[in-house]
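Structural characterization, general
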Amino acid sequence: MPIKVNFKNSALKKTSANLVLFVDEKFSTNSLRKYISNSELSYISDLLKTTDLSKNLLVFELSSKKKVVLVSIKKNIKNSEIENLGAELFGRINYGKNSEYFINSDSIAINQKNFIGYFLHGLKLKSYEFKKYKSKKDSRIININVIGNKNKLPPNELLKFKALEEGTFYTRDLVSEPGNVLHPDEYAKRLNSLKKFGLKVNIYNEKKLKKLGMNALLGVGQGSIRGSYLVTIEWNGARNNSKPLAFIGKGVCFDTGGYSLKPAKFMEDMTYDMAGSAVVVGLMKNLALRKAKINAVGVVGLVENMVSGNAQRPGDIVKSYSGKTIEILNTDAEGRLVLADALTFTEKKFKPKFMVDLATLTGAIIVSLGSEYAGLFSNNDKLSKELINAGEKVQEKLWRMPLHKNYDKLINSKNADMQNINYVGGAGSTTAAQFLQRFILNNTPWAHLDIAGMAFSKYGGALNSGGATGYGVRLLNQLIKDHYE
Ligand code: BES
Ligand code: MN
Ligand code: ZN
């Protein structure tokens, strides 16, 4: 159910409306006297005597119209834990008819910057749903009113939270769209519309890509009736013209596997094979909305991996933008081909401070890490540490995986400079990353995030209710916030 948040100045006195109040770890109710009546207080206190207090959140139904939700705040609570409490609140109020809740920020006893901001952020992230294609529209709404004179959220901080939510939701929207709607032509068109936020958008179509020599990317898309594109999205928010931070995303709008066809069970999910690109796009939108004081560029390769009389064959050899030749032994290892050209191009054209790419690249990373951590592969320890720390803070965790030159022999080819799969088997995610590394020609600090297990969640997690997660947007925003602006 969608939620709407209002900030009210008044400190609402005792009323008949639903209330959210913050208490300490022991659910001490002494401080609540100001916000609820004596009879309500004694009713709650009595119930608390027989209640399991290990919960974070307790709901008391005082009448058919009035609920009081007590949220317990432990000492030294982390921002991510505050977000989880907000998300948990959504779970407890998301049912029935339209409803209205008053969150009393005066009742927050601890001193933590942006407490209400983090709380609402968690609530909103959890409330997202993609219902565009349901004929029956649900018009119910939850109205949230934040009241109280203490713990106010300054307007500039509110704007940052909102930008991050909008960026994340844009990513989730793109990932949720089916392949017949969000094909590369449509995707490129939508990206063009981001100009209205002050982003500079450049679209390279097939004709331009051919001229540039991006044959690795073009080969993947050649079996599709849709076009193939490379799109650059620039945000210049720094006062000087410092080197940009670069974010590169795999945008395979649908991955059938090509002639190395996927079985149906594995193919049905492949509408989210463009999630890496969607994270880049959502991040750029967020940076523009909050007018980040940095220079950044997003680069996405948009293709559709299809089967047709014109599609790429196993055994084909293509010459990439870097000049290196690739033997395509498996047309289903297509993401690395798209990223190869995008990485070389980004490094050459923008000379970035660093490059971070995101891709739903390998099923093998799901075998390794499941849906808890994304795989991190990097040529740079400092960038790796910064990313891992940022991920911890926003609950988008990363686990560093190895790169090593000894893996290189597995992708050397007899007929070309390299082949796109590892013919011996094993270390599927590392050999894919090792392949990507060959397309960074000037040693630019680089990190590759394999998000195959993180981009989509069947059952939902702490901050999402199932479906597209938007994993990566908040992680990269945190990285920028902590170290680059
Ligand atoms: N898009 C897939 C990887 C993937 C699998 C993403 C499951 C999300 C969920 C990728 O293009 C792919 O097909 N990879 C192959 C590589 C193999 C042919 C070397 C894979 O992982 O099986
Ligand atoms: Mn594939
Ligand atoms: Zn793929």
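This part is about the packing of aromatic side chains. Going through the model one piece at a time under the given rule, you end up with twelve aromatic pairs. Considering the side-chain rings of F130 and Y133, the 6.0 Å spacing of their centres and the 55° angle between planes classify their relative orientation as tilted. Exposure remark for Y133: the relative accessible area of 45% places this residue in the partly exposed category. Centroid distance Y204 to F345: 5.3 Å. Interplanar angle 75°. Geometry classified as edge-to-face.

Here we take up the sheet that holds strand β16 (residues 418-419). Overall, mixed pairing links the three strands, which are arranged β11-β12-β16 in an open sheet. Strands with a single pairing partner mark the edges of an open sheet, and in this sheet they are β11 (317-319) and β16.

Grouped together as the largest cluster of nonpolar side chains are 57 residues, with contacts concentrated most on Y187, F247 and I451. Ignoring anything within four residues of it in the chain, the contact list for I451 reads A275, G276, V279, L358, A359, T360, A374 and Y471. Judged by nonpolar contacts, the second largest core, of 44 residues, contains V318, I328, A340 and L369.

Right, let's talk about the coordination of the zinc ion (ligand 3) for a bit. The coordination sphere of the zinc ion (ligand 3) contains the protein donors K250 (NZ), D255 (OD), D273 (OD) and E334 (OE), at a distance range of 2.0 to 2.4 Å. Considering all six donor atoms around the zinc ion (ligand 3), the spread of angles at the metal, 77 to 174°, places the coordination shape in the octahedral class. Read from N- to C-terminus, the donor residues coordinating the zinc ion (ligand 3) fall into the pattern K-x4-D-x17-D-x60-E. Here the manganese ion (ligand 2) and the zinc ion (ligand 3) are spaced 3.2 Å from one another, each receiving a donor from D255. Of this pair, D255 sits in strand β9 (residues 245-255) while D273 is found in the loop between α8 (264-267) and α9 (275-289), placing the two residues 18 residues apart along the sequence.

Geometry of a packed helix pair, given as the angle between the helix axes and the separation of the axes. For the pair helix α2 (residues 79-93) and helix α3 (residues 115-127), interaxial distance at closest approach is 7 Å and the crossing angle is 50°. When the axis of α2 is compared with that of α3, the two are oblique. Once α2 is placed against α3, the crossing between them reads as right-handed. In this structure, α2 contributes N79, I82, E83, L85, G86, A87, L89 and F90 to the contact, and α3 contributes F115, Y118, F119, H121, G122, L123, K126 and S127. Among the residues making up the contact of α2 with α3, the classes are represented as nine nonpolar, five polar and two charged.

As a further point, take the pairing of β9. In terms of burial, β9 is largely enclosed, as eleven of its eleven residues are buried. In the sheet, β9 pairs with strand β13 (residues 354-359) via five bridges, with the strands oriented parallel. In the sheet register, F247 faces β13, and the bridge partner there is V356.

This part covers the site of ligand 1. Ligand 1 sits among 17 residues. The nearest are K262, D273, D332, E334 and G363. Between ligand 1 and the protein, one listed contact pairs an oxygen atom with a side-chain N or O atom of E334 at 2.8 Å. Taken by itself ligand 1 offers 520 Å² of open surface, and the protein chains cover 77% of this. Its residues assigned to classes, the shell around ligand 1 shows six nonpolar, four polar and seven charged.

Turning next to the pattern of salt bridges. Taken as a whole, this structure holds 28 salt bridges when the rule is applied. Among the salt bridges present, the one from D316 reaches R313, with a minimum N-O distance of 3.2 Å. Given a relative accessible area of 16%, D316 falls into the buried group. According to the relative accessible area criterion, R313 is partly exposed, its value standing at 45%. Note that E386 and K382 form a salt bridge whose closest N and O atoms lie 3.1 Å from each other. Linking E386 with K382, this pair stays in helix α12 (residues 381-394), spanning four residues, or about one helical turn. In this structure E386 comes out as buried when scored by relative accessible area, which is 7%. Judged by its relative accessible area of 55%, K382 falls in the exposed class.

Attention now moves to the sheet that holds strand β15 (residues 398-400). Pairing is mixed in the open sheet, where eight strands are placed in the order β7-β8-β10-β9-β13-β17-β14-β15. Looking at strand neighbours, the two that pair on one side only are β7 (200-204) and β15, the edges of this open sheet. The sheet shows a mean angle of 20° between the axes of neighbouring strands, direction not considered. Strand direction decides the pairing type here: strand β14 (residues 374-378) and strand β17 (residues 446-450), joined by four bridges, are antiparallel. Directly across from G375, in β17, lies its bridge partner D450. Taken strand by strand, helix α5 (residues 184-192) contacts β7, β8 (229-236), β9 and β10 (295-305), and its axis lies near 160° from that of β10.

To continue, consider the coordination of the manganese ion (ligand 2). For the manganese ion (ligand 2), the full set of protein donor atoms is D255 (OD), D332 (O), D332 (OD) and E334 (OE), and the range of their distances to it is 2.0 to 2.2 Å. Considering all six donor atoms around the manganese ion (ligand 2), the spread of angles at the metal, 70 to 167°, places the coordination shape in the irregular class. Read N to C, the donor residues that coordinate the manganese ion (ligand 2) are spaced as D-x76-D-x1-E. Here D332 falls in the partly exposed class, since its relative accessible area comes to 22%.

Turning to its location among the elements, F439 is positioned in the loop between α13 (428-437) and β17. With residues near it in sequence (within four places) discarded, F439 still touches S320, S322, K324, I326, A340, L343, T344, E347 and M418.

Take the pairing of strand β4 (residues 67-73) next. Across the seven residues of β4, seven count as buried, placing the element largely inside the fold. Residues K67, V69, V71 and I73 line one face of β4 and the alternating positions V68, L70 and S72 line the opposite face, and both faces are buried. Sheet topology note: the strand β2 (residues 18-24)/β4 ladder contains six bridges and is parallel. Within the sheet, the bridge partner assigned to V23 lies in β4 and is S72. Examined bridge by bridge, strand β3 (residues 57-61) and β4 share five bridges and lie antiparallel to one another. Each residue of the ladder has a partner; that of E61, found in β4, is K67.

Cut-off values and rules
Residues numbered from 1 in each chain as written. Chains lettered and ligands numbered in written order. Predicted model: local features only at pLDDT ≥ 70, side-chain atom pairs only at ≥ 80, totals over all residues. Heavy atoms only, no water. Phe/Tyr/Trp six-rings, centres within 6.5 Å; stacked < 30°, edge-to-face > 60°. Buried < 20%, exposed > 50% of the residue type's maximum accessible area, 1.4 Å probe, protein only. Pairing = 2+ DSSP bridges. Helix = DSSP H or I, 4+ residues; strand = E, 2+ residues; numbered from the N terminus. Core = buried A, V, L, I, M, F, W, Y, C linked by side-chain atoms within 4.5 Å. Contact = heavy atoms within 4.5 Å. Donors = N, O, S within 2.8 Å, 3.2 Å for Na, K, Ca; no water. Tetrahedral: all angles 85-135°; square planar, octahedral: opposite > 155°, others 65-115°. Axes fitted to C-alpha atoms, helices over the stretch in contact; angles between N-to-C directions. Parallel < 35°, antiparallel > 145°, perpendicular 65-115°, else oblique. Left-handed = near helix turned anticlockwise from the far one by under 90°. Nonpolar A, V, L, I, M, F, W, Y, C, P; charged D, E, K, R; others polar. Near = heavy atom within 4 Å. Polar contact = N/O pair within 3.5 Å; in protein donor to acceptor, adjacent residues only side chain to side chain. Areas by Shrake-Rupley, 256 points an atom, 1.4 Å probe, with all protein chains shown as cover. Salt bridge = Lys/Arg side-chain N within 4 Å of Asp/Glu carboxyl O.

Fair warning: the whole summary comes from geometry, so function is off the table for now.
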